[in-house]
2 protein chains.
Amino acid sequence: MKVVDVITEVFHYKSRVVRDADGHGHPGPERDAAQTLLRIVTDEGIEGCCFGGPVDAIQRIARSALIGEALLPRAHLKRLNVWQRLRIGVLSDKALCAVDLALWDLAGHALNQPIHRLLGAYRDKVRAYASTMCGDELPGGLDTPEAYADFAEQCKERGYTAFKLHGWMPPIAWAPDARRDVAACRAVRQRVGDGMALMLDPFHYYSREEALYIGRELEKLDFAWMEEPMDEHSTASYVWLTEQLALPVCGPETAEGKLQTRAEWIVQKASDISRGGVWDVGGITPLMKIAHLCEAFGVSLEIHGNGVGNLHALCAMPIPGAYYERGLLHPFLDYDQPPPWLHEAVDPMDSEGWVHVSPRPGLGMNINFDYIRSHTQ
Amino acid sequence: MKVVDVITEVFHYKSRVVRDADGHGHPGPERDAAQTLLRIVTDEGIEGCCFGGPVDAIQRIARSALIGEALLPRAHLKRLNVWQRLRIGVLSDKALCAVDLALWDLAGHALNQPIHRLLGAYRDKVRAYASTMCGDELPGGLDTPEAYADFAEQCKERGYTAFKLHGWMPPIAWAPDARRDVAACRAVRQRVGDGMALMLDPFHYYSREEALYIGRELEKLDFAWMEEPMDEHSTASYVWLTEQLALPVCGPETAEGKLQTRAEWIVQKASDISRGGVWDVGGITPLMKIAHLCEAFGVSLEIHGNGVGNLHALCAMPIPGAYYERGLLHPFLDYDQPPPWLHEAVDPMDSEGWVHVSPRPGLGMNINFDYIRSHTQ
């Protein structure tokens, strides 16, 4: 089986998520938005698909590594890694992720197996935490500590057993504000009681002193972990912070360098829990290597971000990841409704807070190709 | 697909390899020997096979973890890991390896793919080194430095580009003898010239001082690496040795503890090159995790031992492993001839020293079931 074409289709849909100047999503008026479908096509008619990823880098650079390659070998992924060095910021890990996910989807369809089983399944469901959007100034949205508490209560009623706050961040004029982040965490804990696991993902450029202050307060509130409150390129800052906190520090998340960076953080004791998602590290293939690295050191790995690739990886991991990150959520939006290009959500959650992975082949997505065809540029 | 039976068959063959009191193989008079075939049988008639492994532990302990399990999930392997704790020395990594290899063989047959491709193939051939048996006192065998040199020359003519000596070991009365080991290494280097990669696997209980002496001499002889010359349970001894030698130290090999032990050796800098084989660490599944661990740290992993499981792992590894260990070899024995239970060798080597992995499904073994049936107890 040979790859004969790499097709990227851009199609349109209506979105109610708008981006602020710093790139964070919030609810907003309905607007035109675009989504990408990557299709890796073989001479036997079997295809692998993935939504998302940078079209230009995939077509101009990655394409030439894929055409002609047979099914299943991963040598071309190694080649793409090498190509990244002279194309930093162009051939990103997001481009590699899209290619890797589509190749896994292709393998799963060719072999009639879901990806988490091809990888050696350890489970078929994972607990989710409700992961909020960043704080905002929308009345009744996520505008006050009380609003976070209201929303946490709603999420608990929906079935979530864990809840993660994203704090307030620029471009909000008065953000960041470490005391207000803590106030929101305190309001949530007081509202939901002791039984719900809570986490915080705050502004990512706090000072060391602000990060330590937040961490000490979260210890009092019995939080499960705190994510990167400082620039992740300063590993020394994380060594400093982790040493002082009993609260588990979870990272790195977006730091470049895939498994090598996670290895450095482990040996330098820069965090307690390792972190990464398929879109951060270049796909399922490197994310599974990170899971194996973490297993060798007895370190947990909490997966960053939602999406079907992360869910398959979680179900194939022999160590925690305790949680799937479901979201980003907001009181004004209905996350359970699938996007128009899918007949059903990739991460359905039951009333006890378990997200179930699809037993269908490949990524297991139930794609609405009619919608895509009628909305393509 | 469900596992409905776990069958272990013991059958007889004639062997010309005899074991000395310490367990090392040497050429000897033809004798009756026994081999084991493990078969994991499913309700759909597809089977996974593996030769070798302890029958008793597989049937008394591992069996109950396998019956009823569906294809591909690896949760039962995790359970077997847990069971090892209270059954140290009974449920060994060799038992786990046999089960793991048979499960991979089963998956490969069910999906019609060779295992190295299921794991993400990076290559389909690997250079071999000729790996000698331990030294002996057989005239014209491996009884003198000169005899090793003669044999290295023969191996070079056969196509090998690399040659590894196993030194003289007890129960030979005068062994070990560090100076004689070095003399053999020197004789081989002088005979084969500069172009052939050379390695030494000496007696495994030398003192620190003897190990350092051997290492310093091998540096002068431009050896590629030295394997474990001291008790591997003394990690401190290996940190001490590796720090002083420019010669790459390769290990650990038989130390218990799978990927966790390899992680410790890496962070403690106890060796330059990591090591392990499927029979040391419990199968292909944990060996691939070790390959990913090593990749995260930029450390090479040289695979211990021959056999089809190790060959598939090597072909799925994105980092060196530069070599497949072909042997053990001896001037009196014809390694290229397959054992009677196989129609062809699992590790055929061409005239340029490349060993080719089978493209057939699963482990790719071409088994002579007629022979096995007519020689079963």
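Here is what the cut-offs are and how they apply
- In this convention, every chain numbers its residues from 1, walking through the sequence in written order.
- Chain labels run from A onward and ligand labels from 1 onward, assigned in the order the entries are written.
- Confidence filtering applies because this is a predicted model: local features only for residues at pLDDT of at least 70, side-chain atom pairs given and counted only at 80 or more, and all residues used for totals across whole chains, interfaces and linings.
- Superposition of the copies used a least-squares fit over C-alpha atoms from residues whose pLDDT is at least 70 in both.
- A pair of residues counts as a contact when their C-beta atoms, built from backbone coordinates, are separated by no more than 7 Å.
- Axis definition: a line fitted to C-alpha atoms, limited for helices to the stretch in contact. Angles are taken between N-to-C directions and run from 0 to 180 degrees.
- Helical segments are the DSSP runs of H or I of at least four residues, strand segments are the runs of E of at least two, and each set is numbered from the N terminus.
- Should the near helix be turned anticlockwise from the far one by less than a right angle, the crossing is termed left-handed; should it be turned clockwise, right-handed.
- Throughout, the ten residues Ala, Val, Leu, Ile, Met, Phe, Trp, Tyr, Cys and Pro are labelled nonpolar, Asp, Glu, Lys and Arg are labelled charged, and all others, Gly among them, are labelled polar.
- At least two DSSP bridges between two strands are required for those strands to pair.
- Domain extents, as shown, originate in an automatic or database domain assignment.

Considering the relation of the copies chain A and chain B
- Screw-axis analysis of chain A against chain B gives a translation of 0.0 Å along the axis, an RMSD of 0.0 Å, and a rotation angle of 180°. Given the turn and translation reported, the copies of this chain are related as if by a two-fold rotation axis. Judged by C-alpha distance, Leu293 of chain A is the residue of chain A that lies nearest the rotation axis, at 2.3 Å.
- Interface overlap between copies is the fraction of interface residues in one copy that are interface residues in the other; for chain A against chain B it reaches 100%, indicating a shared surface.

Observations regarding the packing of helix α1 (residues 55-66) of chain B against helix α2 (residues 75-84) of chain B
All names here are of chain B.
- For the pair α1 and α2, interaxial distance at closest approach is 9 Å and the crossing angle is 145°. Here α1 runs over α2; the crossing is right-handed. In contact with Ile61, Ala62, Ala65 and Leu66 of α1, α2 contributes His76, Arg79, Leu80 and Trp83.
- Of the residues in the contact of α1 with α2, the class split is six nonpolar, one polar and one charged.

Focus: the interface of chain A and chain B
- Of the residues lining the interface, 24 residues belong to chain A; the matching set on chain B comes to 24 residues.
- Of all the secondary structure elements, the ones that give two or more residues to the side of chain A that touches chain B are α2 (75-84), α9 (258-267) and α11 (284-297) of chain A.
- Considering each element in turn, the side of chain A that touches chain B owes the most residues, seven residues, to α11 of chain A.

A closer look at the sheet that holds strand β2 (residues 25-42) of chain A
Residue and element names in this part refer to chain A.
- In spatial order, the strands read β1-β2-β3; together these three strands make up an open sheet with antiparallel pairing. Of all strands in the sheet, those with a lone pairing partner are β1 (3-19) and β3 (47-51), marking the two edges. Strand-to-strand twist of the sheet, defined as the mean angle between neighbouring strand axes without regard to direction, takes the value 15°.
- In this fold helix α1 (residues 55-66) packs onto β1 and β2, with an angle of close to 155° to the strand it touches most, β1.
- Relative to β3, helix α3 (residues 93-111) is tilted by about 140°, and along the sheet it contacts β2 and β3.

Focus on the domain arrangement of chain A
Residue and element names in this part refer to chain A.
- Under the domain assignment used here, chain A contains domain 1 (3-113 + 370-374) and domain 2 (117-356).
- The straight-line distance from the C-alpha centre of domain 1 to that of domain 2 is 25 Å.
- Each partner contributes residues to the interface: domain 1 has 25 residues there, and domain 2 has 26 residues.
- Every element with two or more residues in the side of domain 1 that touches domain 2 is listed here: β1, β2, α3 and α13 (369-374).
- Here the element with the most residues in the side of domain 1 that touches domain 2 is α3; it accounts for ten residues.

Some words on the pairing of strand β2 (residues 25-42) of chain B
Residues and elements named next belong to chain B.
- As judged from the 15 bridges shared by strand β1 (residues 3-19) and β2, these two strands associate in the antiparallel manner. Opposite Asp5, over in β2, you have Val41 as the bridge partner.
- Counting the residues that bridge the hairpin from β1 to β2 gives five residues, and of these Gly23 lies at a positive phi of roughly 100°.
- When β2 meets strand β3 (residues 47-51), the two strands line up antiparallel, connected through five bridges. Looking at β3, one finds that Val41 is bridged to Glu47.
- In sequence, β2 turns back onto β3 through a hairpin of four residues, with Gly45 there showing a positive phi of about 85°.

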